[in-house]
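# Descriptive analysis of the structure
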Amino acid sequence: MKLPPIFSSLSLIVLLTPLTPLPQAEQPPPELYTGTVLCLPDVYLQPPSDCLPAGPSTYLARMAAFGITFPMQPLPAKSPDEELSYVPYNYARVTSGNTPLFTSLDAAMDGKPVGRRIEVGFNYVSYSRQAVVDGRAFYFLSTQEWIRGGDITRITPSSFQGLLFYRTPDRPFAWVLYPIHTKHSPGYTKRDYTTHFLNRYDVVQIYATEKIEGLDWYMVGPDEWVEQRLVARVIPDSTPPYGVYNRRWIEINLFEQTITVYENNQLIFATLASTGLPGWWTRPGLFRIYKKLVTTSMQGAFEADRSDFYYLQDVPWSMYFDQERALHGAYWHDGFGYPRSHGCVNLSPGDSHWLYNWAHAGDWVYVWDPSGKTPTDPDLFPPGSP
């Protein structure tokens, strides 16, 4: 078919017209070099000349200023042998008042004759075996007496233990006293709690301290803070207290409720303690261990009406250092890190066992209160008790 002349002319124009490039303004702009190359993530002590230490490097440098490096370094410490927590006794709390004790199982079953009674008070006994007769339980005590099962409640001593150190740590550390979430920033103004949960007796390192509205806050991780009252802090100090000259001493911090042990001017052990309550303070000062007992029973009362009577059988690993005040195992509570005693220094059974094995008669015991709140007037300190 022959096309009309007009179409033939247009085809010729299309075929003969060359392709022209787009105007320059419509071309994509070339990629231009606009700045310094970003450095690889690292901590740069000196500004590098060939890269920009920004982004992750800025964060790493900020953390390094607090002593935090990645991966984070653990304390130079380990847990003591768990076998130290073993005590060759079973313990029970006396739950009845004026509790009868019997010289034989038959007497305990009949309820008479009564050998003696434990008066009303804070009372605990230790037993070696149990007898069940006609569905009734009876327990044979370490004092060779029997007690009825209905008069006691069996207990399990705390298994908490402190830390053994290979060397003195570079920074303070602390035990967590109360289950908490950390905060992104110090202070209670913001409710910026993290998802990191800390359990009681967890150990944290302290990288910085800030005071916010009169309260001290500790940085325990990258942008993680806890308040001072929720932890018990240890500040390692291998300088001997004045008067200590044999490079071995036990230090008791009444404010923090901690114990540290130094040998050859190095921290070798640290743990939590429970010292005297107000009115029954543990006396500040420098003392020496004068008596050690693998086990001993303690009893007594300070009030005229004997309302504060206590009776504690087989208290383990006791080390007397100030009249009747002693370092010893406390099987009757798990409140370490808080004042609990009538002047003695309570430790978990495992910690008291370790300390008993380490300590010698004559070793120094340095008791102090960095807050200055514990009185020092000798007239305010009775002989002491558990």
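Residues numbered from 1 in each chain as written. Predicted model: local features only at pLDDT ≥ 70, side-chain atom pairs only at ≥ 80, totals over all residues. Heavy atoms only, no water.

To continue, consider the overall build of the protein. When helices and strands are counted, the protein shows four helices and 26 strands. Computed over C-alpha atoms, the radius of gyration of the protein comes to 35 Å, more than 25% over the 21 Å expected from 2.2 N^0.38 for 386 residues, which places it beyond the range of a compact globule. Its C-alpha atoms give the protein principal-axis dimensions of roughly 140 × 60 × 35 Å. Burial statistics for the protein: of 386 residues in total, 45% are counted as buried. In the protein, the share of contacts with a sequence separation of at least 24, taken over all contacts with a separation of at least 6, comes to 65%. Surface summary for the protein: the accessible area is close to 20900 Å², and the carbon and sulfur share equals 56%. Of the charged side chains in the protein, 30 are positive and 38 negative, and the gap between their average positions amounts to 4 Å. (Helix = DSSP H or I, 4+ residues; strand = E, 2+ residues; numbered from the N terminus. Rg over C-alpha atoms; globule rule 2.2 N^0.38 Å. Buried < 20%, exposed > 50% of the residue type's maximum accessible area, 1.4 Å probe, protein only. Contact = heavy atoms within 4.5 Å. Areas by Shrake-Rupley, 256 points an atom, 1.4 Å probe, with all protein chains shown as cover. Lys, Arg positive; Asp, Glu negative; His and termini not counted. Charge placed at Lys NZ, Arg CZ, Asp CG, Glu CD.)

What follows is about the packing of aromatic side chains. Counted by the stated rule, this structure contains 21 aromatic pairs. Between Tyr-188 and Trp-217 the ring centres are 4.8 Å apart and the planes differ by 70°, which places this aromatic pair in the edge-to-face class. Linking Tyr-188 in the loop between strand 11 (180-183) and strand 12 (193-198) with Trp-217 in strand 15 (residues 215-221), this pair joins segments that are 29 residues apart in sequence. Given a relative accessible area of 40%, Tyr-188 falls into the partly exposed group. By relative accessible area, which is 2% here, Trp-217 ends up buried. Pairing Trp-354 with Trp-358 gives two aromatic rings, centres 6.3 Å apart and planes at 10°, and the pair type is stacked. (Phe/Tyr/Trp six-rings, centres within 6.5 Å; stacked < 30°, edge-to-face > 60°.)

Low-confidence regions, as indicated by low pLDDT, have predicted coordinates that should not be scrutinised in detail. Per-residue confidence for the protein averages 90 on the pLDDT scale, and 91% of its residues sit at or above 70. Below a pLDDT of 50 lies the segment residues 1-17, which in the model reaches one contact outside its immediate sequence neighbourhood of four places, other chains included. (pLDDT = per-residue confidence, 0-100.)

This brings us to the environment of Pro-222. Along the chain, the position of Pro-222 falls in the loop between strand 15 and strand 16 (224-227). Separated by 70 residues in sequence, Pro-222 and Lys-292 place their C-alpha atoms 45 Å apart. Ignoring any residue separated from it by four or fewer positions in sequence, one finds Pro-222 in contact with Tyr-59, Met-63, Ile-68, Phe-70 and Met-72.

Our focus in this paragraph is the nonpolar core. Nonpolar side chains tend to gather and get buried jointly when the protein is soluble and globular. Grouped together as the largest cluster of nonpolar side chains are 31 residues, with contacts concentrated most on Phe-165, Phe-173, Trp-175, Leu-272, Leu-312, Tyr-331 and Trp-332. Going through the elements one at a time, strand 9 (163-165), strand 10 (173-176), strand 17 (231-234), strand 20 (266-272) and strand 23 (310-322) are the ones with two or more residues in this core. Counting residues per element, this core draws most heavily on strand 23, which supplies four residues. With near-sequence residues (within four places) excluded, Leu-312 lies in contact with Phe-122, Tyr-124, Thr-296, Ser-297, Met-298, Tyr-331, Trp-332 and Pro-386. Counting residues in hydrophobic clusters, the runner-up holds 25 residues, among them Phe-269, Phe-287, Val-345 and Trp-354. (Core = buried A, V, L, I, M, F, W, Y, C linked by side-chain atoms within 4.5 Å.)

Looking now at a nonpolar patch on the surface. Taken together, the side chains of Tyr-59, Phe-70 and Met-72 make up a nonpolar region of the molecular surface, amounting to roughly 260 Å² of accessible area. The class of Phe-70 is partly exposed, set by a relative accessible area of 41%. (Patch = residues over 30% accessible without salt bridge, like charges linked within 9 Å, V, L, I, M, F, W, Y side chains within 5 Å. Salt bridge = Lys/Arg side-chain N within 4 Å of Asp/Glu carboxyl O.)

We now examine the sheet that holds strand 10. Taken together, the three strands give an open sheet; going across it, the order is 13-10-17, and neighbouring strands pair in antiparallel fashion. Two strands in the sheet have a free side with no partner beyond their single neighbour: strand 13 (203-205) and strand 17. Put simply, the sheet's adjacent strands are angled 25° from each other on average, direction ignored. Two strands pair when backbone bridges link them, and strand 10 and strand 17 are joined in this way by four bridges, in the antiparallel orientation. Of the residues in strand 17, the one forming a bridge with Val-176 is Val-231. (Pairing = 2+ DSSP bridges. Axes fitted to C-alpha atoms, helices over the stretch in contact; angles between N-to-C directions.)

Across the junction of Lys-112 and Pro-113, the peptide omega takes the value -5°, indicating a cis bond. Within the fold, Pro-113 resides in the loop between helix 3 (105-110) and strand 4 (116-118). Located in the positive-phi region is Asp-223, a residue other than glycine, with phi close to 55°. Structurally, the position occupied by Asp-223 is in the loop between strand 15 and strand 16.

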